[in-house]
Amino acid sequence: MMKLRTLLLLLPSLLWGQLALAQAPAVTTYYEPMEGGAIRYLTMASPSLGGSGPSHQVSLALALRNNEATSVTLTQILIDFPGTTVLTGMSTSLVVPANAVRNWSFSAAQNIILPNPAPNSIRMRLFFTGYATPVTETFTLAAYQAPTPSGSNRFWGRVGDLRPHEYWQGMGAVHGASVQGCQLFAYDVGVYGWTGSGWSDVLPGTDGSQNEHYRQWGKPIYAVTGGTVTDFVNTDATNFPVGSVNPASHGGGNSFTIDNGTYLVGYAHMQAGTLNPSLLTVGAVVHEGDFLGLLGNSGSSSKPHLHIGAIKSDASSTLWSPQCGGPLRPVPLNSAYAIDQAVLTPWFGVEQLAPWSPMNGVGIPSGAAPNHINSLLWPAASAPVVLSNSVVNDFALGSNGQLWTVGSSTGAVLTTHDRLSVPYNTGVYLDVNPGGSAKAIAVTATIPYLIGMNDFVYRGTSSGWIQTSQTAKRLTVDESTGKVWVIGLDDKVYSFNPATLVWSAQTPTSATGKDIAVAQGIPYLIGMDDRVWKHNGSSFVQLPATTTLKRLAVDGATGMLWGIGANDGLWFSTSGSTWAEHPGGIRAYDLTLFQGTPYVRGLDNGVWKKEAFGSSRVNVVQP
């Protein structure tokens, strides 16, 4: 038996030993995403309207500073939400040397998906080897809002770039953690379309062995928020064969990183040489909705897709590795709709009637276990519709890139919020119906004109179409003066002054023609002999070339003449002395010029853009 005196001598050390073991270590924690003293979660859209409802993604990264004189080892993290029964435990073995900082984060499998409504607090308990008492902290828990005026981000795609029965595709809360968890809120997205029996990102009749087999390949990508360019790559080769990775490429491949002051958004894996040339300077100003580049398959990418993710832009380099650039941030979206792919399937053909879930300040629906929901996404604030390829009887392009069309069957006039830009192969969604029907249309930068079904010329105004006193069979505008020129029903030439709203007959009044084009105030005619005539100030003079044409256009900047020949081919001439046919077999009914580039109405009544060889179809869709 221990003597009393010995026990009394040992008692103080036994007591102090227990007390020492009971103390938590002296550490400082830095949790992300943290804003305004609250840990932030991402609310994710419901996978369908009236379905399971929204859910909330909690993904955390921790920078841990050890203030002890010796190293400490973090072994377990317990997370709960006071007032709920949700409790999550995670094991680790993070050794933090004395007076040093080390990092830990969730893995994708450790993301916590909370049901709606989300709790308003979160409790963190960190357990360390040799310390019986955990480091315990409770924080306010709140929804994340992006540092933008709306608190969320514009969608990166446009409806006009989708084919009929195509939708963007993505899964929330499934992306890998990457360095210090910085990509846990990121998305890898593509485009899915109907195959005849289901949904796939591979085009019908292809096997996915080529990059061009994928629906998403070449889709234009637009800035989700404004800011300035901090980094870009535009020269990484495309990965081929599909599934391989070029070892010489950057991780993000061809990419942009754009900083809006507090929020860095990265766009990765685009096609080499397609990045917007006006933005290829560090510090270049980017506006929301600006074209960035074409979706590709470069860098660490196994097939065509877009990677988009965000991090905090003013991160401490002491706490967070420069390899990722900063701590994780969610990417909430607005002006879009989402639906579970499986839910949409029985609605094929009437997809607009399906229970789409609106996305206003929320993320893509959770694709995490156990349901692994694959979501299809409609990239517009307007309700989803079934798209069809537009078939036009005439079209016009304003100097601002706005497309106006006349439908081939009804003559209905449609236009768009989208804008075309010659260097970029972007599409158009004809979602604006100004009313009216027409036989032909032309447009200045701000004012559309049309030939109505009664052959009278109408001028577009904010209150509708105003009929003028002139009838016509062909119509054009002079961008330099804003004047309207027509071939009347009597085959003579007339012009309209928008300042005075007066029509005038062109001298000599005996001149007649089949088509007209005007540049810098100078009219050109296709005469009754199908050859080109140019006005010299007092009369029309026949140009030397004997080539005959059906349609005519003139580039006001260069004086280049373009026309549709008797063989329906696209022809050009620098002076009217000789004509040559553009190579590539273009066949068309009509043409217009935009930024010096011919756009034609093909024999299929679609809109086509001239390329260096041949032409490419402009994706023009409508409800």
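All values reported here derive from a predicted model rather than from experimental measurement. (Residues numbered from 1 in each chain as written. Predicted model: local features only at pLDDT ≥ 70, side-chain atom pairs only at ≥ 80, totals over all residues. Heavy atoms only, no water.)

## Structural notes on a nonpolar patch on the surface
Taken together, the side chains of W347, V350 and L353 define a hydrophobic patch exposed on the protein surface, amounting to about 250 Å² of accessible area. For L353, the position within the fold is in the loop between helix 2 (341-344) and strand 24 (357-359). (Patch = residues over 30% accessible without salt bridge, like charges linked within 9 Å, V, L, I, M, F, W, Y side chains within 5 Å. Areas by Shrake-Rupley, 256 points an atom, 1.4 Å probe, with all protein chains shown as cover. Salt bridge = Lys/Arg side-chain N within 4 Å of Asp/Glu carboxyl O. Helix = DSSP H or I, 4+ residues; strand = E, 2+ residues; numbered from the N terminus.)

## Topic: the nonpolar core
Ranked by size, the top nonpolar core spans 95 residues in total, and within it I79, I122, W156, W168, Y267 and W378 carry the most contacts. Per element, the largest residue contribution to this core is 5 residues, and it comes from strand 13 (residues 187-194). Once you skip the residues sitting within four places of it in the chain, I122 turns out to touch I39, V58, L60, I79, D80, F81, P82, E137, T138, F139 and L141. Residues L414, L420, Y599 and V607 belong to the second largest nonpolar core, which totals 14 residues. (Core = buried A, V, L, I, M, F, W, Y, C linked by side-chain atoms within 4.5 Å. Buried < 20%, exposed > 50% of the residue type's maximum accessible area, 1.4 Å probe, protein only. Contact = heavy atoms within 4.5 Å.)

## Side note on the pairing of strand 10 (residues 121-128)
Here strand 6 (residues 72-80) runs beside strand 10; their pairing, made up of 6 bridges, is antiparallel. When the sheet's bridge partners are listed, Q76 is paired in strand 10 with F127. Pairing between strand 10 and strand 11 (residues 131-143): 7 bridges, direction antiparallel. Bridging across to strand 11, R123 finds its partner in T138. Connecting the antiparallel pair strand 10 and strand 11 is a turn made up of 2 residues, with G130 showing a positive phi of about 85°. (Pairing = 2+ DSSP bridges.)

## Considering the packing of aromatic side chains
The geometry of two aromatic rings is summed up by the distance between their centres and the angle between their planes. Per the stated rule, a full pass over the model turns up 22 aromatic pairs. Here Y222 and F291 contribute two aromatic rings whose centre-to-centre distance is 6.3 Å and whose plane-to-plane angle is 75°, an arrangement assigned as edge-to-face. Within this pair, whereas Y222 is found in strand 15 (residues 220-222), its partner F291 is found in strand 20 (residues 291-294), the two being separated by 69 residues in sequence. For the pair Y222 and F291, a shared accessibility class is recorded, and that class is buried. Within the aromatic cluster, the residues linked to one another by ring pairs are Y167, W194, W199, F348, W356, W378 and Y429. (Phe/Tyr/Trp six-rings, centres within 6.5 Å; stacked < 30°, edge-to-face > 60°.)

## Quick notes on the pattern of salt bridges
Oppositely charged side chains may form a pair once their charged atoms are brought near each other. In this structure the tally under the stated criterion is 18 salt bridges. Residues E35 and R329 are paired through a salt bridge, measuring 3.0 Å at the closest nitrogen-oxygen approach. One end of the pair, E35, is in strand 2 (residues 34-35); the other, R329, is in strand 22 (residues 328-329), and 294 residues separate them in sequence. Take E35: its relative accessible area is 29%, and that puts it in the partly exposed class. The exposure class of R329 is buried, given its relative accessible area of 1%. Note that D491 and K473 form a salt bridge whose closest N and O atoms lie 2.7 Å from each other. A residue pair is termed long-range when its members are at least 10 positions apart, and D491 in the loop between strand 36 (484-487) and strand 37 (493-497) and K473 in the loop between strand 34 (464-471) and strand 35 (474-477) qualify at 18 residues. Counted as one network, the salt bridges with shared partners bring together R163, E166, R215 and K219.

## Concerning the state of the cysteines
Chemically, a disulfide is nothing more than a covalent bond linking the sulfur atoms of two cysteines. A full pass over the atoms with the stated rule returns 1 disulfide. Here C182 engages in a disulfide with C324; their sulfurs sit 1.5 Å apart. Residues C182 and C324 are joined by a disulfide whose S-S torsion is about 85°; by sign, that bridge is right-handed. One end of the pair, C182, is in the loop between strand 12 (166-170) and strand 13; the other, C324, is in the loop between strand 21 (306-312) and strand 22, and 142 residues separate them in sequence. Exposure remark for C324: the relative accessible area of 16% places this residue in the buried category. (Disulfide = S-S within 2.5 Å.)

It is worth stressing that arrangement in space is one thing and function is another; only the former is reported here.
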